Structures are given as structure tokens and as C-alpha cells.
Amino acid sequence: MAQIKAARRAPVKAHVVELRLDFLANRREIGRLLGWLGRQRKKPVLLATFRSRQAGGQFRGTAAYGIAVLRRAVAAGCRWCDVEIETAEQIGARQLKEALAPARVMISAHDFRRLPQNLPALARRLENYDGDAIKIAAVCRSWGDVERLLRLANGRRDVVVVPMGDDVLPARILALRQGSALAYAPISHSTAPGQIPLEETERVYRLRRRFGQSHVGINPRTSLFGVIGDPITHSLSPLMHNAAFAVGRKNAVYLPFHVRDLAGFIAAVKLFGIAGFSVTLPHKESIMRYLDNCDPLAAEIGAVNTVLVRAGKLCGYNTDFIGVLRAIERRLPLSSSSVLLIGAGGAARAAAFALARGGARVNIWARRAQRARALAGAVGGEAIDRSEIARRSFDAIVNCTPVGMHRGPGSPLEGRELNCRLVMDLIYRPLKTELLRRAERRGIETISGVDMFVAQGVAQWELWMGERAPEPTMRRIVLGALQKEEKSLRR
């Protein structure tokens, strides 16, 4: 009851609310809820579900009792019922329709172990029960599985397809793009892996926004972009880029792909026509072996954070370079500055080339001394030992490691090692890392990673869209999200 009220108050109103009646404890609870619903004057379209254990639900009783509960739900105002194929086979098509009239019926099949091999045959089996819609929900273990499942929704308005699994949040949105009649979004507690929280459907992905005079919401003409990484849940790139698409009235969506297997994701690029994507840790260097073309600067840096897909060909770029340069050159005259970089990974390489090309003297320390020496050699800089840092002074120190990211503990340097005028941390979440706090305590000017993050995102957007990005919107949305997050953590 509290969740139904929350759905009414939500900034984005749900068109349909599913009632998982099988999660209620007993008949008394079911009766209480349905009695309350029957007294409500205004209610959304309600879809009643009383899922059996056999189909992955909580109900253990007979098919006849399950239908009796659904009949009570219809009397309370539910306009749809979801009946699993196992129950439908026991009741029969004609008896099912008669028992649940005047509600519409969706006949569903669930597989929590794998994707069924013969999906067209399963669809025909569901259609045999003369429902108003069919649904297939199944675990997908590859993007090939996802594509096979989503193919069932092509050109139809009476099919719901639900890819399930821990890393398939993008696939659930892709299902809407492909034509699935609906997607599931929990108001509070998820009922299956990979669901998108209701508040994120509009705040982050804007799934129902209007694209000029075109259809409302995501559709087959929606261009697809994303970010790949491991982990990826911390990324604010989806919030930033989707906000830019919305203000620019672009029929496009940007999704987070949790990628452990790069080769598998590259297959998804071709399967779903992904138009471009961002690359974050740990794939900035390894993505290069999958590119058809690479910008000369990105090739020299040896790391790519942006991919544009042209006519099926993957073209790599590095906009981290632009982000670092724009963020730091506003504070320092690079041509006369000495800068210490912490780290020697993909982000550090972009920073090193940016600063060296700006005329700065680049010093590098990394836990892997060999990588630090290689990077220093590539930019005409100097690799130094950790023991030297406290004894030397620099105009700026830039952290290019993930130490301190997303409320992670620690700082790459001690306070006594911060002998400089400026400290920059490429981490943008949290806004103020432990490194920046230590710098502030010593009276040192600081730069959050937000400056670099927004600048590189603007450059990405302009590569993909071929026009000027709405930078003020992108900066405002990122800062607002980070400030809200930090405020909630202080409570």
C-alpha cells in the first residue's frame, strides 16, 4: 500500500503498477490489500500477478486457488492479470478467459537458469492460450542471447521481453527500444536482477521524454550510446550525457555497460548498432586492439576513452587529453610549470601528453616504476622515486590513480608530500577526495575532477553529435548530483 502511494507521488508517474500478490504473507494480507484497492477512486492501470514457485514466484498452492486470487484482484479494479504458462496449461484457455473477465490477460514464461533454445516455439505455445499479450523473461548470459530474446518484440505491440541477469540493465532498456510493450522498474525492492529503479527511469534515462515532434520515449530510431567499464555503477556519464541529449532534443540514449569481456561487448556494438561509447577503467588501453581506426594523438598516448562508430567501423579518440588541459591551464602557466603526476595508467598517459604539449616539465611517480619510466620517456619527462616527493617542490600535483574514488579510503600521498601550489584529482566522485582535503588543510589550491570530467564529456558529445555541446547543462547536472549525494551522506 505504501509503494502504491509512492508510485502516485513519484515525479514520473508509472502507467502500469504490477501487484506481486504472491509476495504477501497469507490470505488475510491479500484480502486487506485488495479491499483497500477496491475503495480507491483513482488508481493506475493495475496488473495482478500471483506467481507460482514453479515459475520463480512465492505461491505454493494449486492453480485453481491462484486463479481465485486473481479473480478477486480483478473485482478490486485490476485491469490486467499475468498468468504463467504452467498455470494456464492446468486451467485451459477458455476457462482462463472466462474466470478473469473483464480483465485482459498476459500469458508469461520465465526461465531463471538460461535462455530457452527455441524461442519462436515458446512464443507460439504462449499464444495458444488466446491472451491479450505474451511475456518471456529469461536469464541472458551473452549479448547474443539478448539479441535473440529481443527479436521476438520486433514489429509487435503485444509482446513483453525481459532479459534477466546481474549485468543486463542496458538490455532492459534495449528491450523498450526494440519494441517490448513495457519494462519493470521497482519502486523500492527489486523482484528480479537487472531492474532499473523507478526514479532512474526518468531522472537518468528519460525514457519517456518527447523528442521534438516524434514519438514519446525510446523507440527503434533512438541512437544508442554508452560507457563501458568494470565497475561502472559509480559513473555519472549516463546522467550527464542523457541530460545533454534531452536539452538538445536528440533521439538518443546513453547506457552503462558493465563489461568484463571486451570481445563480447564489441559483438554487442554490431548487434544493436551502438553509435558510440565512452571507455573507462580498466579498458582504456585494451580497447585499442579492437579499433579499426585510431586518432594519431590517442595512438601516441596509447589510451582511448572515446569511440565513434562510423559505418560499422570503430574509431578511437582520447578526450581525457582535452579535459586535463582545459582544467589545469586556467590556473597555471603550463610553459613555466613543473607538474608531478601520480600514476602511469590510461588517464595518466593522457595527462602527461597534455601537460607536456602545453610546455610543462612532467614528473611521474607510480607504484610500477617500469611503467612510470616508460611514460616519462614518451613525453620527455622524468620518473621519480616516492622518497623524492617530500624533498622536492612542484607547481602542481595531479592524481591519476583511482585511490580515493567513490568513498574509497585513503590518499595516494601524505600531507607532508604536498609541496606545491595546486593539487588536482582526476576523481570526481566524491567531489572532495581525501587527497584534496589534505591539500586544503595545508592551504593549497585544489581542482576537483569535475572540471576534467565535464570537459572530456563535452568533447565526447561533440565528436558523436557533430555540433556544440550544452556544456552549462552538463556541468549543472553533474555538480547537482554530486552535491546531493554528499549531502545525503552527511545525514
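Overview of the structure.

Analysis parameters
- Residues numbered from 1 in each chain as written.
- Predicted model: local features only at pLDDT ≥ 70, side-chain atom pairs only at ≥ 80, totals over all residues.
- Heavy atoms only, no water.
- Pairing = 2+ DSSP bridges.
- Helix = DSSP H or I, 4+ residues; strand = E, 2+ residues; numbered from the N terminus.
- Contact = heavy atoms within 4.5 Å.
- Axes fitted to C-alpha atoms, helices over the stretch in contact; angles between N-to-C directions.
- Core = buried A, V, L, I, M, F, W, Y, C linked by side-chain atoms within 4.5 Å.
- Buried < 20%, exposed > 50% of the residue type's maximum accessible area, 1.4 Å probe, protein only.
- Phe/Tyr/Trp six-rings, centres within 6.5 Å; stacked < 30°, edge-to-face > 60°.
- Lys NZ or Arg CZ within 6 Å of the ring centre and 35° of its normal.

Here we take up the sheet that holds strand β12 (residues 313–317). Across the sheet, 6 strands lie side by side as β8-β7-β9-β11-β12-β10; this open sheet has mixed pairing. A single partner strand is all that each edge strand has here, and the edge strands are β8 (252–258) and β10 (293–294). Strand direction decides the pairing type here: strand β7 (residues 223–229) and strand β9 (residues 274–279), joined by 5 bridges, are parallel. Within β9, the residue paired with Val227 across the bridge is Ser278. On the sheet, helix α11 (residues 262–272) packs against β7, β8, β9, β11 (306–310) and β12 and is oriented at approximately 150° with respect to β9.

If you look at the biggest cluster of nonpolar residues, it comprises 111 residues, and the most contacted ones within it are Val83, Phe277 and Ile287. Those residues in contact with Val83 that sit more than four places away from it in its chain are Ile67, Leu70, Ala88, Leu96, Leu100, Val105, Met106, Ile107 and Ser108.

In space, the 6 strands of this open sheet follow the order β1-β2-β3-β4-β5-β6, with parallel pairing throughout. Each edge of the sheet is formed by a strand with only one pairing partner; in this case those strands are β1 (16–20) and β6 (159–164). Averaged over all adjacent pairs, the angle separating strand axes in this sheet is 20°, with direction ignored. Where strand β2 (residues 45–49) lies against strand β3 (residues 80–84), 3 bridges are found, and the strand directions are parallel. Directly across from Thr49, in β3, lies its bridge partner Asp82. Here helix α7 (residues 143–150) sits on the sheet in contact with β5 (133–139) and β6, set at roughly 170° to β6.

A word on the packing of aromatic side chains. Here the structure, examined in full by the defined rule, presents 12 aromatic pairs. A centroid spacing of 5.7 Å and a plane angle of 40° characterise the contact between Phe59 and Tyr65, whose relative ring orientation is tilted. Assessed through its relative accessible area of 11%, Phe59 is described here as buried. Exposure remark for Tyr65: the relative accessible area of 24% places this residue in the partly exposed category. Site record: aromatic cluster; members linked through ring pairs are Trp143, Phe257, Phe265, Phe272 and Phe277. Cation over ring: Arg386 sits above Trp365, and NZ or CZ is 5.0 Å from the ring centre.

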